Amino acid sequence: MSAMTALAANERDQRGDVDLGDALRQGGSAVQADCEALWRRLVFNLLVSNTDDHLRNHGFLHDGRAWRLAPAYDVNPMPADVRPRVHALALAGDDPAAPFDAVLEDAPRFGLTTKKARRLAREVATAVKGWWKAAASVGLGAREVERMESAFEHDDLSAALR
C-alpha cells in the first residue's frame, strides 16, 4: 500500500515523515523497528538530497498481521542546481526544507531519544560521506562525481556527523 493510500491523502496534501510514523503507530506490527527505520530513511533522504520523496515513494507491506514499512525505493539524489533542497514531504513540522537540527527536534515523534536519534543520524551520515568513493567504484568519472557533489556535500551532512 502506498503512503498516499495509508494516509488517505491526495497529491495536493502537504504531509511529512511524522505522518508516516503516525500511520505505523495506528496499524503497524513492528512499530518501534519501523519508526526507527523511517527515521534513518528521513535522515538519508535529507543527506542525499532525495527531494522527490513524495507519498507514492513510500509504502507499507502487509506481513499477515498488520502493516510494515516497505524497503526504500525510487531514491534519486538531486544536485542543488537542478532542484533546490526542498523535499516533497515535510521533514520537520510542515517544513520541506528543514535543516538537520530541526529534523532532530522531531526525533521523539519517531519514538527516539535525542541521543539515539543523533547516533543513528551519525551512522547514516558516516555512510553517506563516502558517497564519492561508491560513485567512483561503479565507474562514475570525475566530471559526473563533481556534478553530483552539491547533493551530498552540504551543511546538513556536517551537522549529522556531529
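Calculation rules
- Residues numbered from 1 in each chain as written.
- Predicted model: local features only at pLDDT ≥ 70, side-chain atom pairs only at ≥ 80, totals over all residues.
- Heavy atoms only, no water.
- Phe/Tyr/Trp six-rings, centres within 6.5 Å; stacked < 30°, edge-to-face > 60°.
- Helix = DSSP H or I, 4+ residues; strand = E, 2+ residues; numbered from the N terminus.
- Core = buried A, V, L, I, M, F, W, Y, C linked by side-chain atoms within 4.5 Å.
- Buried < 20%, exposed > 50% of the residue type's maximum accessible area, 1.4 Å probe, protein only.
- Axes fitted to C-alpha atoms, helices over the stretch in contact; angles between N-to-C directions.
- Parallel < 35°, antiparallel > 145°, perpendicular 65-115°, else oblique.
- Left-handed = near helix turned anticlockwise from the far one by under 90°.
- Contact = heavy atoms within 4.5 Å.
- Nonpolar A, V, L, I, M, F, W, Y, C, P; charged D, E, K, R; others polar.

Visitor: What's the story with the packing of aromatic side chains in this structure? I'm lost.
Guide: Centre-to-centre distance and the angle between the planes together describe a pair of aromatic rings. On inspection of all chains with the given rule, the structure shows 2 aromatic pairs. Measuring from ring centre to ring centre gives 4.5 Å for Trp 131 and Phe 152, while their planes differ by 10 degrees; the resulting arrangement is stacked. Here the residue Trp 131 occupies a position in helix H6 (residues 131-137), and Phe 152 occupies one in helix H7 (residues 142-152), the gap between them amounting to 21 residues.

Visitor: So what exactly am I meant to see when it comes to the nonpolar core here?
Guide: In this structure, Leu 20, Trp 39, Leu 47, Leu 55, Phe 100 and Val 103 are the most contacted members of the largest nonpolar core, which totals 43 residues. Secondary structure elements with two or more residues in this core: helix H1 (3-6), helix H2 (17-27), helix H3 (31-47), helix H4 (100-105), helix H5 (114-128), H6, H7 and helix H8 (155-161). Among the elements that make up this core, the one with the highest residue count is H3 (7 residues).

Visitor: Any chance you could explain the packing of H3 against H5 here in plain terms?
Guide: Relative placement of two packed helices is described by the angle separating their axes and the distance separating the axes. Running from amino to carboxyl end, H3 crosses H5 at an angle of 45 degrees, the nearest separation of the two axes being 9 Å. With respect to each other, H3 and H5 are oriented oblique. The way H3 lies across H5 gives a crossing that is right-handed. Contacts between H3 and H5 pair Glu 36, Trp 39, Arg 40, Val 43, Phe 44 and Leu 47 from the former with Lys 116, Ala 117, Leu 120, Ala 121, Glu 123, Val 124, Ala 125 and Val 128 from the latter. In the contact of H3 with H5, the residues fall into 10 nonpolar, no polar and 4 charged.

By themselves, these observations are geometric and do not establish any function.
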